[in-house]
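Report on the structure
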Amino acid sequence: SWCPLFEEAGVTVAFEHHDHSNKRTYPIRDGKIDPTGIVYLGDGAWGVRLRQPDKTKPRWYIARSDGIRHLYVVTLYPESCHVLAVNDHGEVFDEVYRRLPVSAAAN
């Protein structure tokens, strides 16, 4: 229900938290992988039991999924955003860089 609204608003990265494990999707638009789509990032798993993703059931939209406690360091720029995934030892283990759509960057 939310995805079409995010797409219409020009969202490039969205945070989604449910599974208590790290995950990053491929960019998704209109229900399929699209380089102009939204990357969904999820779960830091702090304060709850860490879950291991079921690798026997791959999902078409998941680019990365790991049982890692982490936090995100988000840096916003006028025309882009940069997200670092940092584990509980302070190590960067994943990274996302997204340019804003031209219409959003102009606003």
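That block above? That's the structure.
The sections below set out a description of the structure shown in this document. (Residues numbered from 1 in each chain as written. Predicted model: local features only at pLDDT ≥ 70, side-chain atom pairs only at ≥ 80, totals over all residues. Heavy atoms only, no water.)

As for the environment of Gly67
As a reminder of what qualifies: Secondary structure counts use DSSP, requiring at least four H or I residues in a row for a helix and at least two E residues in a row for a strand, with both numbered from the N terminus. Type-normalised accessible area, obtained with a 1.4 Å probe on protein chains alone, sets the label of each residue: buried when under 20%, exposed when over 50%, and partly exposed for intermediate values.
Looking at the secondary structure, you find Gly67 in the loop between strand E6 (62-66) and strand E7 (70-77). Look at Gly67 and you get partly exposed, because its relative accessible area is 23%. Taking the C-alpha atoms as reference points, Gly67 and Asp54, 13 residues apart in sequence, are found 9.9 Å from one another.

Remarks on the sheet that holds strand E8 (residues 80-87)
Rules: Two strands are counted as paired when DSSP detects at least two bridges linking them. With axes taken as lines fitted to C-alpha atoms, and helix axes fitted only over the stretch in contact, angles between N-to-C directions fall between 0 and 180 degrees.
Pairing within the open sheet is antiparallel, and its three strands lie in the order E7-E8-E9. The sheet terminates laterally at E7 and strand E9 (92-99), the two strands that pair on one side only. Across the sheet, the axes of successive neighbouring strands diverge by a mean angle of 15°, strand direction being ignored. One ladder, built from seven bridges, connects E8 with E9; its direction is antiparallel. Bridge pairing links Cys81 to Arg98 in E9.

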